[in-house]
Structure formats: C-alpha cells, structure tokens
Amino acid sequence: MPMNLVWALVVLVVNFSGCFTGGMNNSSVSTRPDVVNIASILTFDSIIGKVAKIALQAAIEDVNSDPTILKGTKLKITFHDSNYSGFLSMMAALQVMETEAVALIGPQSSVIAHVISHVANELQVPLLSFTATDPTLSSLQYPFFVRTTHSDLYQMAAIADIVQYYEWRHVIAIYMDDDHGRNGIISLGDQLAARGCKISHKAPINPQATKTDISDVLVQVALMESRVLVVHTYANWGLDILEVAKSLQMLNNGYVWIATNWLSTVIDISSPLPLNTIDVMQGFITLRSYTKESNLTRKFASEWRNLTTFGLSTYCLYAYDTVWLLARALDAYFDQGGNMSFSKDIRLNELKGEILNLNSLSIFNGGNLLLQDILNVKMKGLTGVIEYTSDKDLVFPAYEVLNVFGTGVRNIGYWSNSSGLSTIPPETVNTDPPHQSGSSEALHDAVWPGPTMKKPRGWVFPENGRQMVIGVPHRVSYTEFVGQSEDTNAFKGYCIDVFTSAVNLLPYAVPYKFESFGDSVKNPSNTKLVSLIDAGVYDAAVGDIAITTNRTRLADFSQPFIESGLVVVAPVTRSKSSTWAFLRPFSPLMWCVSGIFFIVVGAVVWTLEHRINDEFRGPPKKQIVTVLWFSFSTMFSSHRENTLSALGRMVLILWLFVVLIINSSYTASLTSILTVQKLYSPIKGIESLMASKDPIGYQENSFVRNYLIAEYGIHEDRLIPLSLPEDFEKALKAGPNHGGVAAVVDERAYLELFLSTRCDFSIVGQEFTKNGWGFAFPRDSPLAADMSTAILKLSENGELQRIHDKWLLRSACSSQGTKFEVDQLELASFQGLFFIFGMACFLALIIYIAQTIRQFYKHYPDLSETTGRSIQSGPIKTFISFVDEKEETTKARSKRKFSEGSSSTTYANNAAMQNYNSNRTYADNASLQNYNGSRIDMSVDTLK
C-alpha cells in the first residue's frame, strides 16, 4: 500500500506541475551535438523485452556507423527495466528525464504507456512505442505518444472479419483486466457489432491471477453456449491460459480458439517450442503483423542469427525501424536549426530537499518540433513503408492469418485494412486500394482443434443458459400446422418442424422451451399472442402467425416460411353440355357487335367497288344479296367476288385478319367448353361478395374479420365466425338461404388443406391479399434476421418443401384436370381489334368520297347537258346519279363529248376563215379598180 501511495503522489505532482513560466535556468548545446541521449524502458525478463533490446542495440550501431544519417552525431541509448511494474516504469521515466534525453522508446505495456505518457506530455519528450497497441493511446490526451506499430484497432477488425467469414455470431472474449486488455476487447466488440456479431460473454483475468484463478474463469466459459474464444493477453500469460484450458478439456473438437498476435510472437521467438507446448496450440488461429520480404529483411535476418539464438519476431523489426525513424527525424530537426535546449521549472525547485529529486527534471524545448519531424518522416524500413496518417497511425495496416498445425504455423490468408480477408498478399491489393477481393474463399482451409478439417459450428446448448420462452397457439383445428400431443404435451406440426430446422442452422445456440397459448376450446387469437411478446411475457412466438401491418407494430417477424394470402371458397357445380352450347364462347354483346361488323364490311366494300366492279352492280335486290353473301362468306374465306379497287382490297385484308382472330378464339373456347370438365359457381370472387348481401364465413379469432370490415366495408352482421373445418363444410352446404353462408374467406394455407378432402367446394376468383406466415420476435431482436437467413437456407436446400410435403400434402380429393369455369369471351377482349378495323373503314370511305367529289366536279357539266337537267334542278340527285353510274361509262361519255366538241370548233373556224378571205378579196379588187380609174383620169388631164 505505501508503494501505491508513492506512485500516486508522483503522478499527481507531474500531472499538475502546470505551465512552466519565466525564472527558468536555460542550458543549450550546439546545433549538431556530438551525442544525442535517448532512453528505452523494457521488461528485460519478457520474451519481447529480450529480443527488443537486441534489435534496438543493433539499430543504434547501424545508425551510428552510417555518416549520412546524423552527419557525425551519435545516438546514445540507456535501457531501464520496468520489471512488469508500473511504479518502476514511472521511476525509470523520471530518471531518464534527468539525463536530458530527447526521446523515450517504450514501454512494452500499454498500461505503463498510459502512465509515462503524462510525464512525456509535461516534459515535451516524444514517447515512441513499438509494443503498446492500446487504441486509446492514439487519443488527443497523449499528444507526445507515437506508436511505431499498428494499433489493436486493426487487429480486432481482422478478428471480426474472421468471425464473420466463418459465419459465427457470438464469441467469448478472454483477456487481462487492464488497460491493454479492456480497451482491446472494447474495440473488438465495436468491430463485431459493425458486422452483425457480438461478444456474448467477457471473461476478464486478474493480471496477478494464479492458475487456479484462471481455471475458475475458464470453467465459467465452458458453461456458455458459444465455443468461439478470442484470447487477448500477453505472451507470458497466454501459455498459462492454454495449459489450464487443456486440463479442462477445452481444446477438444468443437472449440474455436482465436489468439491475437501474442501467440505468433511466442512461436516466432521461442521456436522450436517443446512438444507439450506446441501441443496445446493445435488448431489455433492467430495473427502476425505482415511484413513484405525484401533484401533489407533478408539481410537483417542473416545478421540476426549472428546476434542471438532467439527467433526473429515482427516486434524486432518494429524496434529496429523505431530507432531509424527517430534518427531521420533528428536529422530533419537539426536541419531546421533545432538544438538540445532544456528548461527547468522554478516550482520544481521548491521541492528541493524532498525525497524525490524532481527539481532535476527538465523540459525539452524542441519537443514539439521533433514530434512533428517524427510524424513527417517517410521512409522504407524492415517492416515496409513507414508513414503516418493524420490520426498518427501507420499506413497500410496488414496481418497474416496463421493456423497452428504440427510443429509450426501455416499461412491461410491475409488481412489488410483496404481489402479485408484475402488469399492475395496485401502489397498486391494495396497497389489498388479500392479493390476488394472477389474470391468467395477469402481464407484457405484451416485445421481446427481436435484436430479436424470440418469447421466447428461454434456453439452448443449451454448447461446454465437461460431458455427462451416461446409461445405456441393451442389450435383446435388444422393441427397439421401446429398442434399438441395429448400423450406427451409435446408440440408438433408444420410450423414446429420449420422452426426447429431453422434453429439448427443458426451459428450459435438458442436454448428455448415452448409454452401453450390458448384454452384448447377454440383457436386463440394470434394478434393477442404477438402482443404478449411486446409485453415481455414471451420471448418469441411460433405458429401459424400471419404477418400483418398491425402485428409488425408489436414485434419483428422472420422471413415468411409459407405464402398465405386471403382467398374465397364457395360451393361449385360441374358444368354440363346443352343444346345451345355453341353460343357460349361469346357473350351476347360480342355476338351482336360481330354481326354488325359483318354487315358493315359488306356495305363498305360494296361502296368502294360499286362504280368499277360489275359483280357489285345490278338491280337493288341483287345488290343486297351480294352484300350479305360477301360479308358472311368472308368468315370462311369463300367469297367469290373479286375486289378491284386498292381501298377495297385494303379493307378486305384487314377484315380477313379480324375474322381469323375471331374464328380462332371461338374454336378454342368451344373446344374447351365441350371437352374439358369445368366447375361453376355464382360467386366469382371478393367483388361478388361485396356486391351481394349474403352472409360470409371466416375462421374464428382470425384477423380476417377486421380486415374485411376495414378494407372492404363489409358490414359485420354479414360475417359469421366458424371454428372447425366441419363447420365450414356444413355452412357452405346449407347456403345463405338455409342458415349457412354463401362463401368462406380465409387464408390460402388453411383452405388448401380444407379442400384437399372436399371436392364440392373450390377457390373462386383471385387471391386478394399477399402475405405469409413468420416467426415473431421482440422488436430489434437479432434472431429475426438470423432466422430469416436460416429459412432461406431451408428453402434453397429443399428441406422446407420436404417439411411441407410431410404435413400438408394430401391426395384424397384430386381435382387435377378439372378447371373452374372460364367466363365467356367479352367484347373487351376484341375492342382494340374492332377499333382498328373501324378506323380503317372510315379512312377508306373518306378517301373514296373525296375522290368521287373531285370526279363529280370534273364531269358535272357533261352530266347536266346529257341528262337535260340544269344545275338548279337538283344537285343532290345529280350527284347520286353520278355515283350510281359506272365509272367506265362516265369516262367514255366524256371522251365522246370531247371529240364532238372538237369537230364543231374546227367547222366554225373554217367558215370564218372563208368569209374573211372572200371579204378580203372583194375589198382588194375594189381598191384596185379605184386606183386604176384614178390613173386614167390623171393621164387624160395630162394630155389635155
């Protein structure tokens, strides 16, 4: 106790030393001193401490022998033994600070690192550790702590990925109850939770525990259901845990042991191990920090064999790289003008004369600059690329996944922060960080304790675990789904078998017991059963529980294991043939519309062909017969009349296509009516029930009653509760007029079982809801998701179908080959076809009328003159006469008239020309006579 008080006093004095202000004595040295003091705190008696000291000494020697690093400055290291004691480590740290050391390497333990980090913070001396892997040391509380290895955060992420890969869900954590163990397991719990797994039990061990204490802890572990054990401890304590586990027969078949990197460290350093030691590790999975093999590592491994008989561990490599990291940082520090300057606090001087010589402690004035230089170093060491992220973590964390087998270990895969588990070495994946391994086999096959190659299930039924209380409805009908044996009171049925099969597929144990729910007089309400889960009475519910909206507000459900929507069952009769069966394929409206279109097509074709086709001309009586004959003969493609116009041919082709569809549909429907046995019911489905006022039956205490009232507006007075299948049958046979019901509405699963032995009834209409049955669990229960996965596996491997056939397959009433009566073919099925054909006829008539009007205006004067009628005498009658006239006659008359008009014009022109010539000759002769007479008169006058 006095030693603890002294230790607490030292911590308080250092932590509350405050800010160091003026009045300080300064001492400084040259910018590039000859010697730089550093120190290291190790546990010399530990296996890591033994090899780490050798690695640090080798690194100091190599740095000092390389003039290009510190340019003449030598590193001087002093070692201090913590001897597994936090107090001694504290004292060693204070002694180091008296020597004006600029950096401290160590300590090994995260517990001691927490204590010394406070001293490093106050004296501003960087603390570099290659073994303190507690994730909390990376917090802002310890700015001068620099981890030169990877945090346990990544190691725990790797273990969580391994647990997820092997589809285990629950693990047990065994750890030392100190900062290192607790914080590491907290990180493991967070990583497992992110992957849908969890730590089901924590087994802390006192750091001063004896083997008896360890045995007491492991005995409790052996009573738990999980058999996946994660051991996070120190190398020296780990072997004691394994020896005790062997004595308790916990290394046998069925267990899974996953050890953090302490186990690989023991194997690497102490190899070859004694046979009795390696025997307790068989089948273990462990991790080792991954280092890529290079010329540097091969050279160092060769030199290592000359330095010691111990094996080479990754901790040796990290220790070696730590010295080189510090040397390069110091080189950068000196290049920036840094010097070895220390300051003293006058408040520490006031403690002079006390037992502790605290006034000798000095603050390193360049501590902040050196810390930044350390974090800015980028180098390639024995462990690979050394570079820090903004969170002061080394880049590219990666581990080897090792399996202990025989006298050593075998690599079964790798883990890296960028790719997760993979059989590909991390450097290959890290060249493309976004790449994720697409291989379904992320790890090679492992050997498990036993030894065995079969992957352990990872759980057993616990000897002292609490059992889940599962409510099961005590049904009085349809006990094939869930029932209770009268002799043993054991539950049986389809739902029970599905549940037990799914539980067996879970990657952990689920101890449970069934409790009956109901009075065994009538079927209980499943909604009330689910509400008792929400009330905490039951831990789950198993049975014929439909997943409805109201129930999902009370509990979480698994994946449906059977589809069961609501359907309508009604009495049916077998349809019989009749004299007028040939009329049944089409509805009356369809027959009427088809007949109208036959007449229409005849009229349209007659209109298009009348002016050009002699077969469509003649007396009115003949033309009517022709139209009717042509129309109905197209039904069999036996029409003899040819179509000459392009429009007529287009209409006929489209009509023949329509006739083909109608004929084919009629033939298929009539064949089915005459050859296939059919069932008939006046009830067509839920719509028929809504439109009528007849009573409707439903299963008592089911959700159907409230559903029909709320969703379909059916009055509650029409709903009749029925309990047993016999009640269903009696009510349906009686009918609505004799105290029975018109139909029964219930879930398909029940009614299919009901109909398997009752052929006088059938499902009518379509299923009008889509739901299924599932197992109910409390809200946010992980069992709901796990059971859903198990049910999907049952479906994929065929087990779900085998359970269904075992309980629900019936063959007493076989309705195979019998179909429910199909409704007549309605006009709605063909209205698109008729619409297209009608539009085609309409367009053809429009085009024809336009052409006819154009021709009429072209030939109209000729018609008026020929018939002796004027325009005012009746243009409509004239147009009708024009339309009725054959087109060839109109064209011939036009040509003849045109020829006659041309001859008259020529005769008139010739007569006019003759008159003109006669008149011109007469005038010319008269003029000549006048001229000659004038000349004679002139000649007489001249003679005179």
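Because the structure is predicted, anything quoted here is derived from the model rather than measured.

Colleague: What should I look at first to understand the overall build of the protein chain in this one?
Modeller: Across its full length, the protein chain carries 31 helices and 35 strands. For the protein chain, the proportion of its 944 residues judged to be buried stands at 50%. For the protein chain, the share of sequence-separated contacts (at least 6 apart) that also reach a separation of at least 24 residues comes to 74%. If you sum the accessible surface of the protein chain, you get close to 46,000 Å²; carbon and sulfur atoms cover 55% of it.

Colleague: Explain the sheet that holds strand β29 (residues 696–699) here, please?
Modeller: Taken together, the 5 strands give an open sheet; going across it, the order is β30-β29-β31-β26-β32, and neighbouring strands pair in mixed fashion. Where the open sheet ends on each side, the last strands, each with one partner, are β30 (719–722) and β32 (761–764). With direction set aside, neighbouring strand axes in the sheet form an average angle of 35°. Of the pairings in the sheet, the one linking strand β26 (residues 566–571) to β32 comprises 4 bridges and is antiparallel in character. Residue pairing for β32: A570 is matched across the bridge by S762. Sheet strands touched by helix α26 (residues 748–755): β26, β29, β31 (743–747) and β32. Its angle to β31, the strand with the most contacts, is close to 125°.

Colleague: For this particular structure, what's the right way to read the pattern of salt bridges?
Modeller: Pairing between side chains of opposite charge can happen when the charged atoms of each approach one another. Summed over the entire model, instances satisfying the criterion amount to 25 salt bridges. Here R748 makes a salt bridge to E752, at a shortest N to O gap of 3.4 Å. In this pair, R748 and E752 are both assigned in helix α26, 4 residues apart and thus about one turn of the helix distant. On the accessibility criterion, E752 (43% relative accessible area) is partly exposed. Connected via shared salt-bridge partners are R32, K71, D331 and D335.

Colleague: Just to check I follow, could you spell out empty space enclosed by the protein for this structure?
Modeller: In this structure the tally under the stated criterion is 6 cavities of 30 Å³ or more. Roughly 90 Å³ of internal volume is contained in the largest cavity.

Colleague: What should I look at first to understand the layout of surface pockets in this one?
Modeller: The gaps of empty space that remain are located by a probe, the size of a water molecule, rolled over the atoms. Looking at the largest pocket, its volume works out to about 990 Å³. Lining the largest pocket we find 41 residues, and of these Y84, S109, V111, D178 and Y234 sit closest to its centre. Partitioned by chemical class, the residues of the lining of the largest pocket number 17 nonpolar, 19 polar and 5 charged.

Colleague: Please explain a nonpolar patch on the surface as it appears in this structure.
Modeller: A surface patch of nonpolar side chains, about 620 Å² in accessible area, is lined by F835, I836, M839, F842, L843 and I846. When you line up the elements, F842 lands in helix α29 (residues 831–867).

Colleague: Could you clarify how one ought to interpret helix α28 (residues 799–808) in this entry?
Modeller: Since one α-helical turn is 3.6 residues long, residues separated by three or four positions face the same way. If you check which residues of α28 are buried, you get L800, I803, W807 and L808. For α28, the arc enclosing every buried residue in end-on projection is 95°, short of the 170-degree limit, so these residues lie on one face.

Colleague: What am I meant to see in the sheet that holds strand β9 (residues 228–232) here?
Modeller: Pairing between the strands of a sheet comes from backbone hydrogen bonds, and it takes one of two forms, parallel or antiparallel. If you trace the 8 strands from one edge of the open sheet to the other, you get β8-β7-β9-β10-β11-β16-β17-β18, paired in mixed fashion. If you trace the sheet from one side to the other, it starts and ends with β8 (198–205) and β18 (420–422), each paired once. Geometrically, the sheet is characterised by an average inter-axis angle of 30° between neighbouring strands, direction not taken into account. Examined bridge by bridge, strand β10 (residues 256–259) and strand β11 (residues 285–289) share 2 bridges and lie parallel to one another.

Colleague: Could you clarify how one ought to interpret the packing of aromatic side chains in this entry?
Modeller: Within this structure, the stated rule accounts for 37 aromatic pairs. Centre to centre, the rings of Y290 and Y414 are 5.5 Å apart; their planes meet at 85°, and the pair counts as edge-to-face. Taken together, the positions of Y290 in the loop between β11 and α12 (295–307) and Y414 in strand β17 (residues 408–416) put the pair 124 residues apart, joining distant regions of the chain. Y290 gets classed as buried once you look at its relative accessible area, which sits at 15%. Where Y512 meets F514, the ring centres are 5.3 Å apart and the plane angle is 50°; that geometry is what we call tilted. Accessibility expressed as a relative area gives 23% for Y512, which makes it partly exposed. What links up through ring pairs into an aromatic cluster is the set F491, Y494, F499, Y512, F514, F561 and F775. The ring of F79 has K53 sitting right over it, with the charged end atom 5.5 Å from the ring centre. Sitting over the face of the ring of W459, R457 holds its NZ or CZ atom 3.8 Å from the ring centroid.

Colleague: How do you make sense of the environment of F334 when you look at a structure like this?
Modeller: For F334, the position within the fold is in helix α13 (residues 314–335). For F334, a relative accessible area of 4% gives the class buried. For F334 and L70, which are 264 residues apart along the polypeptide, the C-alpha to C-alpha distance reads 8.7 Å.

Colleague: Which parts of the structure should I look at to understand the nonpolar core?
Modeller: Across soluble globular proteins, nonpolar side chains have a tendency to be buried as a group. Among the nonpolar cores identified, the biggest contains 111 residues, and V102, I174, W257 and M281 are the most heavily contacted of them. Filtering out sequence-adjacent residues up to four positions away, I174 remains in contact with A203, I205, L218, L229, V230, V231, H232, I241 and W257. Within the second largest apolar cluster, 71 residues are counted, among which are V472, Y478, V764 and W807.

Colleague: Please explain the side chain of Q699 as it appears in this structure.
Modeller: Looking at the secondary structure, you find Q699 in strand β29. Polar side-chain contacts of Q699 include one of 2.4 Å to the side chain of R475. Excluding residues that lie within four positions of it along the chain, Q699 makes contacts with R475, S477, Y478, N523, L722, F728, V745, D746 and Y750.

Colleague: Would you explain the side chain of D786 in this entry?
Modeller: In this fold, D786 is placed in helix α27 (residues 782–796). The class for D786 is buried, based on a relative accessible area of 7%. The contacts of D786, once residues within four sequence positions are left out, are R169, L506 and Y508.

Colleague: What should I look at first to understand the confidence of the model for the protein chain in this one?
Modeller: In regions of low pLDDT, the predicted coordinates are not meant to be interpreted in detail. Per-chain confidence: the protein chain averages 82 in pLDDT, with 79% of residues scoring 70 or above. Per-element confidence in the protein chain ranges from a low mean pLDDT of 38 for helix α1 (residues 2–15) to a high of 97 for β10. Low pLDDT (under 50) marks residues 433–439, which in the prediction has 9 contacts with non-local residues, meaning those over four places away or in another chain. Within the model, pLDDT remains below 50 along residues 862–873, and this stretch shows 15 contacts once partners closer than five positions in the same chain are excluded.

Colleague: What exactly am I supposed to notice about α13 here?
Modeller: Relative to the 32 Å expected for 22 residues at 1.5 Å per residue, α13 spans 32 Å between its end C-alpha atoms, a close match to the ideal helical length. One or two steps after α13, the chain reaches G337, where phi turns positive at roughly 90°.

Colleague: Is there a simple way to explain the packing of helix α5 (residues 110–123) against helix α7 (residues 179–194) in this structure?
Modeller: Packed helix pairs are specified by the crossing angle of their axes together with the interaxial distance, meaning the distance between the axes. Put simply, α5 and α7 touch, their axes get as near as 7 Å, and they point 105° apart. Between α5 and α7, the angle is such that the two are roughly perpendicular. Facing α5, whose interface residues are S110, V111 and H114, α7 presents D179, H180 and N183. The residue inventory of the contact of α5 with α7, partitioned by class, reads 1 nonpolar, 4 polar and 1 charged.

Colleague: Explain unusual backbone geometry to me, please; I cannot follow it from the model alone.
Modeller: Excluding glycine, a negative phi dihedral is what most residues carry, and trans is how most peptide bonds are arranged. Between G106 and P107 the backbone carries a cis peptide bond, its omega angle lying at -5°. Locating P107 in the fold gives a position in the loop between β4 (103–105) and α5. Note the cis peptide between G450 and P451, where omega equals -5°. Phi at Y478 is positive, roughly 50°, even though this residue is not glycine. Residue position: Y478 is located in the loop between β19 (468–473) and β20 (483–484). One non-glycine residue, N701, lies in the positive phi region at around 70°. Mapped onto the secondary structure, N701 falls in the loop between β29 and α24 (704–712). Given the relative accessible area of 30%, N701 is considered partly exposed.

Rules used throughout
- Residues numbered from 1 in each chain as written.
- Predicted model: local features only at pLDDT ≥ 70, side-chain atom pairs only at ≥ 80, totals over all residues.
- Heavy atoms only, no water.
- Helix = DSSP H or I, 4+ residues; strand = E, 2+ residues; numbered from the N terminus.
- Buried < 20%, exposed > 50% of the residue type's maximum accessible area, 1.4 Å probe, protein only.
- Contact = heavy atoms within 4.5 Å.
- Areas by Shrake-Rupley, 256 points an atom, 1.4 Å probe, with all protein chains shown as cover.
- Pairing = 2+ DSSP bridges.
- Axes fitted to C-alpha atoms, helices over the stretch in contact; angles between N-to-C directions.
- Salt bridge = Lys/Arg side-chain N within 4 Å of Asp/Glu carboxyl O.
- 1 Å grid on protein atoms, 1.4 Å probe; cavity = no way out; pocket = protein on both sides within 12 Å on 5 of 7 lines; lining within 4 Å.
- Points joined across faces, edges and corners; volume = space filled by probe spheres on them.
- Nonpolar A, V, L, I, M, F, W, Y, C, P; charged D, E, K, R; others polar.
- Patch = residues over 30% accessible without salt bridge, like charges linked within 9 Å, V, L, I, M, F, W, Y side chains within 5 Å.
- Arc of directions from axis to C-beta.
- Phe/Tyr/Trp six-rings, centres within 6.5 Å; stacked < 30°, edge-to-face > 60°.
- Lys NZ or Arg CZ within 6 Å of the ring centre and 35° of its normal.
- Core = buried A, V, L, I, M, F, W, Y, C linked by side-chain atoms within 4.5 Å.
- Polar contact = N/O pair within 3.5 Å; in protein donor to acceptor, adjacent residues only side chain to side chain.
- pLDDT = per-residue confidence, 0-100.
- Expected span 1.5 Å × (residues − 1).
- Parallel < 35°, antiparallel > 145°, perpendicular 65-115°, else oblique.

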